[in-house]
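# Examination of the molecular architecture
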Amino acid sequence: MTQPILVTGGAGYIGSHTVLELLKAGHPVTVLDNLSNANPEALARVQELAGREVAFCRADVRDRAALDGLFRAQPIHAVIHFAGLKAVGESTGQPLRYYQNNVAGTLTLLEAMEAAGCRNLVFSSSATVYGDPAALPITEDMPLSATNPYGQSKLIIEDICRDLAKADPRWHLALLRYFNPVGAHPSGRIGEDPLGTPNNLMPYLLQVASGRRPHLSIFGRDYPTPDGTGIRDYIHVMDLARGHLAALKALPELPGATAINLGTGRGCSVLELVAAMEVATGFPIPRQFAPRRPGDIASCYADCGSAERLLDWRATQDQGDMCRDAWSWQRLNPDGYRSQLTKGML
Ligand code: NAD
Ligand code: UDP
């Protein structure tokens, strides 16, 4: 497996971990990222960990000329498309920005790929496309819906991919529906580096554990779940990164546009994740119960049968591993990448 891969959004959280795995597997990797939500230090560290270099292009995925230049420079075998905006709450206030960035960005990318004759795509979709799931665990054939512009942008992109596959059988598109990615590389050198106040549970929990915030607010204690708190399918980002390599490998056998859940298949409540973090850190996490967060669903976890069958992939790491690695990252990098100097070449 040494085909050249283009990774859009490869300097971000999931992208950086995936780029590391691609380099370790021997792929030449080009990253295109506009650094709107990333620090180039992440890629400097990826190179250090891999002992290999990444070609980096600072550009927007909507910049057709930049994409054409990359496809002209070398024959790209496949694209892994992470680039996009991902904050659900923000998307409600800025729908045009989200559709422009996510939908127009993907359209520009697909047009450039078509023109270059590169028709292999692995796309970052999300479990958010299931809306409030009718049944659990969630299978890929369940009804799709969106409750905010972010989720709608993922649904629109999935539909575009399905239409493209119908129109031209030469396309192979894996629509990977991630559940809740958390954790970090076990070295503690790369991880999630959110700007401002985190919205998601794991980064917030880490900031409480490190004393940056006084307590965790647990949103809701009256859900119809065993302990009353929300249940999600947290997946270690290294398992997720491996899932992308598995998808790349399986892509020639996947017909058209194929949606595949990437999760562990196991639901974990907020209180269970807090308990796992207490074990990882060795001290208690201050927490308070708060009202439900508007728009939240009670439970969400994946049926991972398609990933096992089609990709020969399954998650191997549990919530203890996720908390241990997330905590190492937080402890070693209390301010994320921000205090670091960027290496010369990036
Ligand atoms: P991230 O913000 O860390 O990474 C996205 C990267 O894309 C960033 O480096 C950003 O600078 C870049 N980017 C954004 N818009 C761009 C543009 N127009 N042109 C070029 N680069 C651009 O996010 P992440 O958590 O790594 O998520 C990656 C992908 O996975 C996103 O598409 C996201 O919607 C999807 N996803 C994430 C989660 C999650 O919980 N993290 C869950 C489901 C799906
Ligand atoms: N959550 C919480 N406190 C927080 C952030 C999240 O109790 O500060 C809960 C949230 O209500 C949900 C779970 O943690 O039940 C996961 O939330 P997150 O935002 O990480 O993921 P999503 O809801 O988007 O799946």
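Scroll up to find the structure.
Description of the structure in this document. The residue numbering used here restarts from 1 in each chain and proceeds along that chain's sequence as written. The order in which chains are written sets their letters, starting at A; the order in which ligands are written sets their numbers, starting at 1. Thresholds applied to this predicted model are a pLDDT of at least 70 for local features of residues and 80 or more for the giving and counting of side-chain atom pairs; totals over whole chains, interfaces and linings are not thresholded and use all residues. Side-chain measures were taken over the full set of non-hydrogen atoms in the model, leaving aside hydrogen atoms and water.

## Thoughts on the site of ligand 2
- Throughout this document, a residue counts as near a molecule or strand when at least one of its heavy atoms sits within 4 Å of that molecule or strand. Among the 14 residues in the neighbourhood of ligand 2, the closest are listed as L201, S217, R232, R293 and D296.
- Pairs of N or O atoms are called polar contacts if they sit within 3.5 Å, as long as, within protein, a hydrogen donor faces a hydrogen acceptor (for residues adjacent in sequence, only side-chain-to-side-chain pairs). N180 places a polar side-chain atom, nitrogen or oxygen, 2.9 Å from an oxygen atom of ligand 2.
- One nitrogen or oxygen atom from the side chain of N200 is found 3.0 Å from an oxygen atom belonging to ligand 2.
- Considering ligand 2 on its own, with 510 Å² of exposed area, one finds that the protein chains cover 87% of that surface.
- Tallied by class, residues from the shell around ligand 2 come to 6 nonpolar, 5 polar and 3 charged. All accessible areas in this document rest on Shrake-Rupley with a 1.4 Å probe, and a residue is counted as covered only by the protein chains that are shown. Here the nonpolar group is Ala, Val, Leu, Ile, Met, Phe, Trp, Tyr, Cys and Pro; Asp, Glu, Lys and Arg are the charged ones; every other residue, Gly included, is treated as polar.

## A word on the nonpolar core
- Here, the term nonpolar core denotes a set of buried Ala, Val, Leu, Ile, Met, Phe, Trp, Tyr and Cys residues that are joined through side-chain atoms within 4.5 Å. With a 1.4 Å probe rolled over the protein chains alone, any residue whose accessible area is under 20% of its type maximum counts as buried; one over 50% counts as exposed, and the rest are partly exposed. Core analysis: the largest hydrophobic core is formed by 42 residues, its most contacted members being L262 and L311.
- Each helix is a run of H or I in the DSSP string that is no shorter than four residues. Each strand is a run of E no shorter than two, and both are numbered from the N terminus. With 7 residues, helix α8 (residues 237-250) is the single largest residue contributor to this core.
- Listed in part, the 26 residues of the second largest apolar core include L6, V61, A112 and L173.

## Here we look at helix α3 (residues 64-73)
- All of the buried residues in α3 are A66, L67, L70 and F71. Down the axis of α3, the sector holding all buried residues measures 135 degrees, keeping them to one side. Opposite the buried face of α3, at more than 90 degrees from it, the exposed residues are A65, R72 and A73.
- By the convention used here, residues are in contact when the closest approach between their heavy atoms is within 4.5 Å. Of the surrounding secondary structure, the elements contacted by the buried residues of α3 are β1 (5-8), β2 (29-33), β3 (55-58), β4 (78-81) and α5 (95-116).
- With a side-chain oxygen positioned 3.2 Å from the backbone nitrogen of A65, the residue opening α3 is D63. The arc in question is formed by the directions pointing from the helix axis toward the C-beta atoms.

## Observations concerning the sheet that holds β4
- Following DSSP output, two strands are said to pair if at least two bridges run between them. Taken in spatial order, the 7 strands of this open sheet run β3-β2-β1-β4-β5-β6-β11, and their pairing is parallel. A strand with exactly one partner marks an edge of an open sheet, and here the two such strands are β3 and β11 (257-262). Along the sheet, successive strands turn relative to each other by an average axial angle of 20 degrees, direction set aside.
- As judged from the 4 bridges shared by β1 and β4, these two strands associate in the parallel manner. If you follow V7 over to β4, its bridge partner there is I80. Axes, fitted as lines to C-alpha atoms, cover a helix only where it is in contact. Angles between the N-to-C directions of the axes lie from 0 to 180 degrees.

## Details of helix α11 (residues 319-332)
- By definition here, a helix of n residues has an expected span of 1.5 Å times n minus one. For α11, which comprises 14 residues, the first-to-last C-alpha distance of 20 Å matches the rise-based estimate of 20 Å (1.5 Å per residue) to within 8%.
- Those residues of α11 that sit buried are D321, M322, C323, D325, A326, W327, S328, W329 and Q330.
- Lining the buried residues of α11 we find α2 (41-50), β7 (180-182), α7 (201-209), β10 (234-236) and α9 (270-281).

## Examining the pattern of salt bridges
- A side-chain nitrogen of Lys or Arg and a carboxyl oxygen of Asp or Glu constitute a salt bridge if their distance falls within 4 Å. Taken as a whole, this structure holds 22 salt bridges when the rule is applied.
- Between D168 and R170 there is a salt bridge whose closest N-O contact spans 3.0 Å.
- D168 gets classed as buried once you look at its relative accessible area, which sits at 12%.
- Each of E114, R119, D168 and R170 takes part in salt bridges that share partners, so that together they form one network.

Geometry only, nothing functional implied.
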